[in-house]
Amino acid sequence: MGENACDDVFGWAAREPGRVTFARQAGKGAGRGWTPVTAAEFASRVEAVAAGLIAEGIQPGDRIGLMAAASLDWV
């Protein structure tokens, strides 16, 4: 394990990019199943959120509030 959660995210993506680290529910309705999310896909999502926050002017140490439905995005 790394010093923080980001170390772990990017560590797994570097070591085993195809490793399934999460699964998310796919679709809606009674027949929905689960879709795997690999370490590389998850790291890419983390980078995209970070880029969005940076683009909005968020700086290290700033405090922000996030609102979202319960989902993989909270991770």
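Residues numbered from 1 in each chain as written. Predicted model: local features only at pLDDT ≥ 70, side-chain atom pairs only at ≥ 80, totals over all residues. Heavy atoms only, no water.

Caption draft 1: Representation of the packing of aromatic side chains in the model. This model, assessed by the stated rule, comprises one aromatic pair. Judged by centre distance (4.7 Å) and plane angle (50°), the ring pair of Phe22 and Phe42 falls under tilted. Taken as a pair, Phe22 in strand E1 (residues 20-25) and Phe42 in helix H2 (residues 39-55) lie far apart in primary sequence, 20 residues in all. Residue classification places Phe22 among the partly exposed positions, given a relative accessible area of 27%. In this arrangement the basic side chain of Arg15 is found over the ring face of Trp12, its NZ or CZ atom lying 4.8 Å from the centre. Looking at Arg19, its charged tip hangs above the ring of Trp12, at a distance of 4.0 Å from the centre. (Phe/Tyr/Trp six-rings, centres within 6.5 Å; stacked < 30°, edge-to-face > 60°. Helix = DSSP H or I, 4+ residues; strand = E, 2+ residues; numbered from the N terminus. Buried < 20%, exposed > 50% of the residue type's maximum accessible area, 1.4 Å probe, protein only. Lys NZ or Arg CZ within 6 Å of the ring centre and 35° of its normal.)

Caption draft 2: Looking closely at the pattern of salt bridges. Inspection of every chain in the model, using the stated rule, returns one salt bridge. Here Glu16 and Arg19 are joined by a salt bridge, their closest N and O atoms 3.7 Å apart. (Salt bridge = Lys/Arg side-chain N within 4 Å of Asp/Glu carboxyl O.)

Caption draft 3: Region of interest: the environment of Ala39. Within the secondary structure layout, Ala39 lies in helix H2. For Ala39, a relative accessible area of 2% translates into the label buried. Residues Ala39 and Glu16, 23 residues apart in the sequence, show an inter-C-alpha distance of 7.0 Å. Once residues within four sequence positions are removed from consideration, Ala39 is found in contact with Trp12, Ala13, Glu16, Pro17, Arg19 and Thr21. (Contact = heavy atoms within 4.5 Å.)

Caption draft 4: Layout of H2. A rise of 1.5 Å per residue sets the reference length of H2, with its 17 residues, at 24 Å; its end C-alpha atoms lie 24 Å apart and thus fit the reference within 8%. For H2, the full list of buried residues reads Ala39, Phe42 and Ala43. Seen along its axis, H2 keeps its buried residues to an arc of 100°; they face one direction. Set apart from the buried face of H2 by more than 90 degrees, the exposed residues are Ala48 and Ala55. Just downstream of H2 lies Gly57, where phi reads positive at about 95°. (Expected span 1.5 Å × (residues − 1). Arc of directions from axis to C-beta.)

Caption draft 5: Structural detail: the environment of Pro17. Its location among the elements puts Pro17 in the loop between helix H1 (5-15) and E1. On the basis of relative accessibility, which here comes to 40%, the residue Pro17 falls in the partly exposed class. Taking the C-alpha atoms as reference points, Pro17 and Ala39, 22 residues apart in sequence, are found 5.1 Å from one another. With near-sequence residues (within four places) excluded, Pro17 lies in contact with Trp12, Thr38, Ala39 and Ala40.

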